[in-house]
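Structural overview for review
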Amino acid sequence: ERTRVAIVGAGPAGLLLSHLLAEAGIESIVLDRRTREEIESTVRAGILEQGTVEILDTVPGSRARTVGHRHDGIEFRFAGEGHRIDFPSHVGRSVWLYPQHEALTDLIAARLAAGQDLRFGVTADRVDDVDTATPRVFCTAADGTRFEIAADFVVGADGSRSVVRTAVTGSHTGGSFREYPFAWFGILCEAPPSSEELIYSNSPDGFALISQRSDTVQRMYFQCDPDTDVDAYSEAQLWDTLQARVPGTTLREGPIFQRDVLRFRSFVAHELRHGRAALVGDAAHTVPPTGAKGMNLAVADVILLNDALQGLLLRGDEAPIDAYAEAALRRIWKAQHFSWWMTSMLHASPDASEFDRLRQLGELRSVVESDAGQRYLAEAYTGWPLQRTL
Ligand code: DHB
C-alpha cells in the first residue's frame, strides 16, 4: 500500500495532524494498535490551552468551545491561604476545561466523517528505510495478516511506548529523563463542583488538585506513593485524604466511579526527526501531569510538523523539516521546565528538610505576591503563543 504520510497512533496528535494535512490536500493513513473503544475510554487531563482550542475550532463538529468551560484563573492554596491567579488581566488569554478524551472523540468522529483512512487494531511492528525517499511501516492487522505501508514520510504519534522512536533515535529509550518520588491518586466522582476554579493545594500531608469534568462529574487528585495500590483506600478514606489536603474548602462528595494511580516522569527524546520520520507528542516527550501540558504540547508539535510537511511534500522545500526538531524543542523544554517547576513547587518531597519546606513556601509566596510571578504563571499555564513556520 502507498500513502503520502503514514501516521502511527490515533491519539490527539495523530488525528489532528491527519486533519491539518487533509486541509492542505495531503493524504494520509492513520493506524493504531488499540480499538476505537479503548482509545476513547482512556482517562486524560481536562485543561486545553487557548491555542489548542483555537486549532480544534478548525475541526468540524469540535465541541471544545461550546461544551467546554472557559477558566480565567486558578487558585494556589498553601499555609492556610488561598491565592487566585487571574489569566486574562495578565496575558489576555484563558484555558478551557474540556475533557481531553472528549476532544479525542470529536476528532475521531470528524476524521471518519471526512473519509480519513483510519485503522484501529493495527500494530506497527517496525519502521524501515527512513533514510530513503520511501520509508516503510511494517504492520500486523487484528486478524494477524501482515502488510506494509510505503509513504513519503512516517510520523510517530504512538505515545510513550513508541515503535517509530526506534527508527528516529536509533534506540527505544534514547533521551533525557528523570523520575519523581511520588505519583497522583486520581478519582472521578459524581458530584457538583466543589469550587468554581481549579485548586492546586500544597499541604503538609502532600499535594492535592481539585479539578472538574462537567457540572455533574468531578476529577480530583492527591499526591501518593508511586507503589500505591488503587484498591488500598475505601471511599471514605479517599474523601478524608482529599479533604485534609484542601483546608478551607468543603468538598462536595459523591460516588467515586473511577480511580487510577498516575506515575510521574519527565522525558525528551534525543532526536525528534531522522530522514523521512519524525516524532510528535508522547512519543517525543513525557511531562509530569502538574499543569496539564501533555496534550497541549502534542498539539504544538503537530502544528509545527504540519507546516514542515507541507513545505516538504507540496513544495519540495527541505528547510522547514530540517528546522522542525529545533523549533519543537524550544517549546518542549519550556513546557518541561514549567511542569517540573509546578510539580516541585507544589508537592511534598519525602526527603525534604525543614529548610526545603520553608524555602518552598517562600517560592510559592514569590509567585502569588508578585505581579511578575503571577504573569509568568499565567503565560505558561495558558500556553505560549504558537510559532508557525509557514
Ligand atoms: C487536570 C490535570 C492536570 O494535570 C492539571 O494540571 C489540571 C487539570 C485534570 O485532569 O482535570
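All of these numbers come straight from a predicted model, not from anything done at the bench.

Calculation notes
Residues numbered from 1 in each chain as written. Predicted model: local features only at pLDDT ≥ 70, side-chain atom pairs only at ≥ 80, totals over all residues. Heavy atoms only, no water. Core = buried A, V, L, I, M, F, W, Y, C linked by side-chain atoms within 4.5 Å. Buried < 20%, exposed > 50% of the residue type's maximum accessible area, 1.4 Å probe, protein only. Pairing = 2+ DSSP bridges. Helix = DSSP H or I, 4+ residues; strand = E, 2+ residues; numbered from the N terminus. Axes fitted to C-alpha atoms, helices over the stretch in contact; angles between N-to-C directions. Near = heavy atom within 4 Å. Polar contact = N/O pair within 3.5 Å; in protein donor to acceptor, adjacent residues only side chain to side chain. Areas by Shrake-Rupley, 256 points an atom, 1.4 Å probe, with all protein chains shown as cover. Nonpolar A, V, L, I, M, F, W, Y, C, P; charged D, E, K, R; others polar. Phe/Tyr/Trp six-rings, centres within 6.5 Å; stacked < 30°, edge-to-face > 60°. Contact = heavy atoms within 4.5 Å.

**A closer look at the nonpolar core**
Counting residues in each nonpolar core, the largest one holds 106 residues, and the members touching the most others are F76, Y200, L309, Y324, M342 and Y381. The next biggest cluster of nonpolar side chains, apart from the first, holds 17 residues, and it includes I199, A208, C224 and W239.

**Details of the sheet that holds strand β11 (residues 146-150)**
The three strands are arranged β9-β10-β11 in an open sheet whose pairing can be described as antiparallel. Where the open sheet ends on each side, the last strands, each with one partner, are β9 (123-128) and β11. Averaged over all neighbouring strand pairs, the angle between strand axes comes to 25°, with direction disregarded. In this structure, strand β10 (residues 136-140) lies alongside β11, joined through five bridges in antiparallel fashion.

**Observations regarding the sheet that holds strand β15 (residues 206-212)**
Taken together, the eight strands give an open sheet; going across it, the order is β6-β5-β14-β15-β16-β13-β17-β20, and neighbouring strands pair in mixed fashion. Strand pairing shows two members of the sheet lacking a second neighbour, β6 (81-86) and β20 (285-286), which therefore form its edges. Sheet topology note: the strand β5 (residues 73-78)/strand β14 (residues 199-203) ladder contains four bridges and is parallel. Looking at β14, one finds that F78 is bridged to N202.

**Details of the site of the ligand**
Near the ligand you find 15 residues, and of these Y200, S211, R213, Y221 and P289 are the closest. Side-chain polar atom of Y221 to an oxygen atom of the ligand: 2.5 Å apart, as the coordinates give it. Look at the ligand: alone it shows 290 Å² of surface, and the protein chains cover 99% of it. At the level of elements, β15 and β16 (217-224) are the ones that each hand at least two residues to the shell around the ligand. Considered class by class, the residues forming the shell around the ligand number nine nonpolar, four polar and two charged.

**Comments concerning the environment of M295**
For M295, the position within the fold is in helix α9 (residues 294-315). In this structure M295 comes out as buried when scored by relative accessible area, which is 7%. Remark: the alpha-carbon pair of M295 and P12, spanning 283 residues in sequence, is separated by 7.3 Å.

**A look at the packing of aromatic side chains**
Taken as a whole and judged by the stated rule, the model has 16 aromatic pairs. Plain terms: the ring middles of Y200 and Y381 are 6.0 Å apart, the flat faces sit at 90° to each other, and that makes the pair edge-to-face. In this pair, Y200 is assigned in strand β14 and Y381 in helix α12 (residues 371-382), connecting sequence segments 181 residues apart. Owing to a relative accessible area of 1%, Y381 belongs among the buried residues under this scheme.

**Brief notes about the side chain of R245**
Mapped onto the fold, R245 is located in the loop between α8 (235-244) and β17 (256-269). A polar contact is formed between the side chain of R245 and the backbone oxygen of D205, at a distance of 3.2 Å. The residues touching R245, leaving out its near neighbours within four places in the chain, are S201, S203, D205, G206, F207, A208, F222 and Q223.

**A word on the pairing of β17**
As judged from the twelve bridges shared by strand β13 (residues 175-190) and β17, these two strands associate in the antiparallel manner. The partner of F185 across the bridge, within β17, is V261. The pairing of β17 with β20 spans two bridges and is classified as antiparallel. Each residue of the ladder has a partner; that of F267, found in β20, is T286.

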